[in-house]
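Overview (structure and organization)
Below, each chain spelled out in residue letters.
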Amino acid sequence: MAWASAPGKVILLGEHAVVFGEPAIAVALDLRTKIRIDGRGTSIMVNGEPLQEKLHLPHVHQALALTGEPWGPLDIRIESAVPRASGLGSSAALSAALIAALQEARGLKPQPRDVARLAFEVELAVQEGRASPTDTSTSVAGGAVLVDSVKGPGLLWDLERGGKHWFLHRLNLAKPPALVVGHSGERAPTGQMVAMVHERVRRDPRDLQRIRSLGALAREGAKALSASDFRGLGQLMDRAHADLRALGVSTPRLDELVHAARKRSFGAKLTGAGGGGSIIALTEHPNDVAAALRTAGCDPIVASVTPRGLEAGA
Ligand code: MEV
């Protein structure tokens, strides 16, 4: 039997901008996707139910192809605590854990950079070529990660695709931030949102400005996070939400949740692709923020950052 597990993530700053080569910072969350594979049968089960073709099959197909078909009979059990289409990196965690479990099933020892590269390939195929390695690399690395188009201290690995070069760095956290996640109840269609932003940036130079501004906020945010300056980081998150809103990726529901969370937070913003999905709040008062989000009608998660990235064995 081969197994692997990988965490979900939230992007603190830089979503969308990172697809255009700007920096982003993301942290792994203590919500994991676990996979077990054995060769005795041929079924794929997700959280005890047969796999949903549209949600999971493209990832499974890509992962099987990238780990060297042909495969014999495979029994794949996926257990995931990362809610789907929520902006929390469920598809990245699935891709990373699946690649690593398949490599274990082949008798190989998964190497983090290699799994990060292959999981990124899975995401690219599923998102029709438009993705950055942020979600997949953060899931593999765990902890806090800075993605940038230039190399800096703490380099984990670098990945290249379509003329773009991303350098993934470890951000050391003296004190992990307290985060509250509020799901809007709306599905986050990542591929569609990334395509929509591309179209807007192509047509309107003001949207390109917004992308650059999001990148600058992420660059400042990396310094604030490393210095445990959560007040400063929260202000940058508020400004990033305004840019993301202007870029057309927020929704009235996400704005409402951000507003509800801000009263007791250093800052709050949508996280991930938007168009639905989740907001995150950075706070010293996670229980108060969770209560405010509950009053606004959602079921919040008080999440902590996990240093545990990809784990695998046989
Ligand atoms: C999705 O979690 C983050 C985006 O920046 C897309 C990507 O980086 O692939 C919107």
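Before reading further, recall that the structure is shown in the block above.
Let us look at the structure shown here.

1. Digging into the pairing of strand 6 (residues 144-148)
- Of all 5 residues in strand 6, 5 are buried; the element is thus mostly enclosed.
- Pairing between strand 6 and strand 8 (residues 164-171): 5 bridges, direction antiparallel. By the bridge assignment, Val145 is partnered in strand 8 with Arg170.

2. Some words on the site of the ligand
- By nearness alone, every residue bordering the ligand is listed as Lys9, Ile11, Glu15, His16, Val18, Val19, Ala131, Ser132, Asp135, Val194, Gly272 and Ala273.
- For the ligand, an oxygen atom lies 2.9 Å from a polar atom in the backbone of His16.
- Within the side chain of Asp135, an N or O atom sits 2.8 Å from an oxygen atom of the ligand.
- Surface burial for the ligand is 97%, taken as the share of its 300 Å² of free accessible area covered by protein chains.
- Taken together, the residues that form the shell around the ligand break down as 6 nonpolar, 3 polar and 3 charged.

3. Section: the packing of aromatic side chains
- By the definition in use, this model includes 1 aromatic pair.
- Ring geometry for Phe120 against Trp166: centres 5.6 Å apart, planes inclined by 90 degrees, an arrangement best described as edge-to-face. Of this pair, Phe120 sits in helix 3 (residues 112-126) while Trp166 sits in strand 8, placing them 46 residues apart in sequence.
- For Trp166, a relative accessible area of 3% translates into the label buried.
- The ring of Trp71 has Arg106 lying over it, and the distance from NZ or CZ to the ring centre is 3.8 Å.

4. Here we look at the pattern of salt bridges
- Per the stated rule, a full pass over the model turns up 19 salt bridges.
- Asp75 is the salt-bridge partner of Arg77, the closest N and O atoms lying 2.9 Å from each other.
- On the accessibility criterion, Arg77 (30% relative accessible area) is partly exposed.
- A salt bridge links Glu311 to Arg308; the nearest nitrogen and oxygen atoms lie 2.8 Å apart.
- When salt bridges with common partners are traced through the structure, they connect Arg32, Arg308 and Glu311 into a single cluster.

5. Some remarks on the environment of Arg203
- Mapped onto the secondary structure, Arg203 falls in helix 5 (residues 190-203).
- Arg203 gets classed as exposed once you look at its relative accessible area, which sits at 62%.
- A distance of 2.8 Å separates polar atoms of two side chains, one belonging to Arg203 and the other to Glu199.

6. Quick notes on helix 1 (residues 53-66)
- Under the 1.5 Å per step criterion, the end-to-end length of helix 1 is 19 Å for 14 residues, consistent within 8% with the ideal 20 Å.
- When we look at burial in helix 1, the residues that qualify are Leu55, His56, Leu57, His59, Val60, Ala63 and Leu64.
- Residues of helix 1 that are buried in the fold lie against strand 3 (43-46), strand 5 (75-80), helix 2 (90-105) and helix 3.
- Trailing helix 1 by a residue or two, Gly68 shows a phi angle of about 85 degrees, which is positive.

7. Quick word on helix 2
- A rise of 1.5 Å per residue sets the reference length of helix 2, with its 16 residues, at 22 Å; its end C-alpha atoms lie 22 Å apart and thus fit the reference within 8%.
- Gly107, located one to two residues past helix 2, shows a positive phi value of around 85 degrees.

8. Remarks on the nonpolar core
- Counting residues in hydrophobic clusters, the biggest one holds 54 residues, and the most contacted among them are Val10, Leu12 and Leu233.
- Leu51, Leu64, Val122 and Val194 belong to the second largest nonpolar core, which has 44 residues in total.

9. Thoughts on the sheet that holds strand 12 (residues 301-303)
- Strand order in the open sheet formed by 4 strands is 10-11-9-12, and the pairing between neighbours is antiparallel. Strand pairing shows two members of the sheet lacking a second neighbour, strand 10 (267-271) and strand 12, which therefore form its edges. Direction aside, neighbouring strands of the sheet carry axes that sit 25 degrees apart on average.
- Bridge count between strand 9 (residues 179-183) and strand 11 (residues 278-282): 5 bridges; the pairing is antiparallel. What sits directly across from Gly182, in strand 11, is Ile279.
- Each of strand 9, strand 11 and strand 12 is contacted by helix 9 (residues 286-295), which is oriented at about 10 degrees to strand 9, the strand it contacts most.

Conventions adopted
- Each chain has its residues counted from 1, following the order in which its sequence is written.
- Residue-level local features of this predicted model are given only where pLDDT is at least 70; pairs of side-chain atoms are given and counted only at 80 or more, and the full residue set underlies all totals for whole chains, interfaces and linings.
- Where side-chain values are given, they derive from all heavy atoms of the structure, hydrogens and water being excluded.
- For each residue, the accessible area found with a 1.4 Å probe, counting protein chains only, is set against the maximum for its type, and the residue is called buried under 20%, exposed over 50%, and partly exposed in between.
- Working definition: helices are DSSP H or I runs of at least four residues, strands are E runs of at least two. Numbering for both runs from the N terminus.
- In short, DSSP must find at least two bridges between two strands for them to pair.
- The near set for a molecule or strand comprises every residue that places at least one heavy atom within 4 Å of it.
- Two N or O atoms form a polar contact when they lie within 3.5 Å of each other; inside protein one atom must be a possible hydrogen donor and the other a possible acceptor, and for residues adjacent in sequence the pair counts only when both atoms belong to side chains.
- The Shrake-Rupley method, run with a 1.4 Å probe sphere, supplies the accessible areas, and residue values consider only the shown protein chains as cover.
- Think of it as three bins: nonpolar holds Ala, Val, Leu, Ile, Met, Phe, Trp, Tyr, Cys and Pro, charged holds Asp, Glu, Lys and Arg, and polar takes everything else, Gly as well.
- Between rings of Phe, Tyr and Trp, where Trp is taken as its six-membered ring, a pair exists when centres lie within 6.5 Å; planes separated by under 30 degrees are stacked, by over 60 edge-to-face, and by other angles tilted.
- Note on criteria: charge over ring means Lys NZ or Arg CZ within 6 Å of the ring centre, with the direction from the centre no more than 35 degrees off the ring normal.
- Here a salt bridge means any side-chain nitrogen of Lys or Arg lying within 4 Å of a carboxyl oxygen belonging to Asp or Glu.
- What a helix should span is 1.5 Å times the count of its residues minus one.
- In what follows, residue pairs with any heavy atoms lying within 4.5 Å of each other are defined as contacts.
- Nine residue types can take part in a nonpolar core, namely buried Ala, Val, Leu, Ile, Met, Phe, Trp, Tyr and Cys, and a core is a set of them joined through side-chain atoms within 4.5 Å.
- All axes here are fitted lines through C-alpha atoms, helices being fitted over the stretch that makes contact, and every angle between N-to-C directions spans 0 to 180 degrees.

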